[in-house]
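Coordinate inspection notes
Chain by chain, the residues:
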Amino acid sequence: MSGVQTVTVAEDEGDQRLDRWFRKRFPHIPQGRIDKMCRKGEIRVDGGRVKGNTRVEAGQEVRVPPLPDSEAPAPRDSVTRISDADAKMIQSAVLYRDDHVIALNKPAALATQGGSKTARHVDQLSEALRFGLEDRPKLVHRLDKDTSGVLLLARTRQAARGLSEAMRHKYTRKIYWAAVAGVPQPKHGVIKFGLMKAPGHGARGQGEKMICLHPDDVAGTEGAKRAETRFSTLSGLGSRVSWCALEPVTGRTHQLRAHMAELGHPIVGDGKYGGSSQENMGDGWGAGLGAEIGRKLHLHARSMTLRHPVTGADLHIVAPLPPHMRHTWDFLGWERDEAPDDPFEDMV
């Protein structure tokens, strides 16, 4: 068991989340343990208590509590070993690449970051995305594990700063495609329910499930956050299922899934928020469709529009549908090429 250590953030390690910095230095420590050490105040930055998402800067000093000898700091230049098959898979997912930015079409069921039970994820596989540069690219945002589509990584510190700033100040536009149960009425609109985490965690709790609140109740509810989602119905099949475009104005956990379920039209395949029912029980549809429609979540980050963080050029990145959604679109006769580039043009 090591003693308490004080580790200085190196010049090229700044402007990143504390938990990511910690995992790189101590790769055998699971995310859950890092979070626990932060909550207990065992990990500190410049003497102060911090959360895992606190951003560290070069020159700051991180207090590291006693760790088992097998969890000694990893060499700065260590290389994560991944299989040839995984390397080929993640490289084939590249939609756009230049000297500063990489955009992926993240597959469904592949986590963005690791955790206590997640060993295979984009952050780990990014080792295969160096493409000649010394450092592997860094994540600047994330998608839920079961959500596919456009995911950005920064190849340089300058790009990481610029992209993080753009995400923080909402200088990017993200449009998602989803298949939802039923047909929203009206077919276009804005959802403004606030969101807060459900009580409980772990096997007996509701975990990361979010609860919707009326906008008037957000300010007076501890832990609640304002959330806003634009939606536009692009096509439908009778009253049973619709193809919707969704634009998150805010970026809350499970926002699109919780908002559509609260509207009474859960995203197809969303067992967490819509259950597995195929029936309309009077207060909204279930998230199952049956027939030849798969049970995977039908939510896809279709496009992202942003200004390049270094060159200033306008980028518009579009991700093709994953196989299970492509099958659904073909089965229902929805023509992907007929969708407008910006379904919210009249709402912006």
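Residues numbered from 1 in each chain as written. Predicted model: local features only at pLDDT ≥ 70, side-chain atom pairs only at ≥ 80, totals over all residues. Heavy atoms only, no water.

The condition is simple: UniProt positions are given in the numbering used here, feature names are shortened, and annotations may be inferred rather than shown by experiment.
In the annotation of an unreviewed UniProt entry, the entry for the protein reads Pseudouridine synthase, and the organism field reads Palleronia salina. Listed in UniProt under the heading Sequence similarities (unreviewed entry), the comment for the protein reads: "Belongs to the pseudouridine synthase RluA family." On record in UniProt, under Function (unreviewed entry), the comment for the protein is "Responsible for synthesis of pseudouridine from uracil."

**What to know about the overall build of the protein**
As a reminder, the rule being used: A run of H or I in DSSP becomes a helix once it reaches four residues, and a run of E becomes a strand once it reaches two; helices and strands are each numbered from the N terminus. For the radius of gyration, the atoms used are the C-alpha atoms, and the globule rule reads 2.2 Å times the number of residues raised to 0.38. Note on definitions: a residue-residue contact is assigned when non-hydrogen atoms from the two residues lie within 4.5 Å. Only the protein chains shown count as cover for residues, and all accessible areas are computed by the Shrake-Rupley method using a 1.4 Å probe.
Within the protein, the secondary structure is distributed over 9 helices and 18 strands. Scaling as 2.2 N^0.38, a compact globule of 348 residues should have a C-alpha radius of gyration of about 20 Å, and the protein matches this with 21 Å. C-alpha extents for the protein along the principal axes are approximately 65 × 45 × 35 Å. In the protein, the share of contacts with a sequence separation of at least 24, taken over all contacts with a separation of at least 6, comes to 66%. Looking at the protein as shown, the accessible area adds up to about 17600 Å², and 46% of this sits on carbon and sulfur atoms.

**Focus on the state of the cysteines**
Selection criterion: Cysteine sulfur atoms are paired as a disulfide whenever they come within 2.5 Å of each other.
Summed over the entire model, instances satisfying the criterion amount to 0 disulfides. No disulfide involves C212; its nearest neighbouring cysteine sulfur is the one of C244, lying 16 Å away.

**Some points on helix α5 (residues 157-168)**
Worth spelling out the cut-off: Working rule for helices: expected span equals 1.5 Å times residues minus one. Buried residues are those whose accessible area, probed at 1.4 Å on protein chains only, stays under 20% of the maximum for their type, while exposed residues exceed 50% and partly exposed ones sit between those limits. The arc under discussion is defined with respect to the helix axis, by the directions toward the C-beta atoms.
Its 12 residues place the ends of α5 16 Å apart at the C-alpha level, agreeing with the 16 Å of an ideal helix rising 1.5 Å per residue. Buried within α5 are the following residues: A159, A160, L163, S164, A166 and M167. The buried residues of α5 occupy one face: seen down the axis, they fall within an arc of 160°. The inward-facing, buried residues of α5 contact β5 (55-56), β8 (101-106), β10 (148-154), β11 (173-181) and β17 (299-307). Count one or two residues on from α5 and you reach K170, which has phi positive near 60°.

**Description of the domain arrangement of the protein**
Heads up, the rule is: What marks off one domain from the next here is an automatic or database domain assignment. For this analysis, a salt bridge means a side-chain nitrogen from Lys or Arg found within 4 Å of a carboxyl oxygen belonging to Asp or Glu.
As assigned here, the protein comprises domain 1 (5-64), domain 2 (84-172) and domain 3 (175-332). In this structure, domain 1 and domain 2 have C-alpha centres spaced 21 Å apart. On the side of domain 2, 13 residues touch domain 1, which itself brings 11 residues to the contact. Counting across the domain 1 and domain 2 interface gives 1 salt bridge.

**Details of the packing of aromatic side chains**
We apply this condition: Ring pairs are drawn from Phe, Tyr and Trp, using the six-membered ring of Trp, whenever the two centres fall within 6.5 Å, and their geometry is named by plane angle: stacked under 30 degrees, edge-to-face over 60, tilted for the rest. Lysine NZ or arginine CZ positioned within 6 Å of the ring centre and within 35 degrees of the ring normal marks a charge as sitting over the ring.
Per the stated rule, a full pass over the model turns up 6 aromatic pairs. Ring geometry for W329 against W334: centres 5.0 Å apart, planes inclined by 85°, an arrangement best described as edge-to-face. The same class applies to W329 and to W334, which are both buried. Among the aromatic side chains, those forming a connected cluster through ring pairs are W177, W243, W329 and W334. We note R302 situated over the ring of W177; from NZ or CZ to the ring centre the distance is 4.1 Å.

**Observations concerning the environment of V56**
If you trace the backbone, V56 turns up in strand β5. Filtering out sequence-adjacent residues up to four positions away, V56 remains in contact with V9, E13, G14, D15, Q16, L18, W21 and V45.

**Thoughts on the sheet that holds strand β3 (residues 44-45)**
Applicable threshold: DSSP calls a pair of strands paired once it identifies at least 2 bridges connecting them.
Across the sheet, which stays open at both edges, the 4 strands sit in the order β1-β6-β3-β4 with antiparallel pairing between neighbours. Of all the strands in the sheet, the pair left with one neighbour each is β1 (5-8) and β4 (48-49). Looking at chain direction, β1 and strand β6 (residues 61-64) are connected through 4 bridges and run antiparallel. Looking across to β6, one finds that V7 is bridged to V62.

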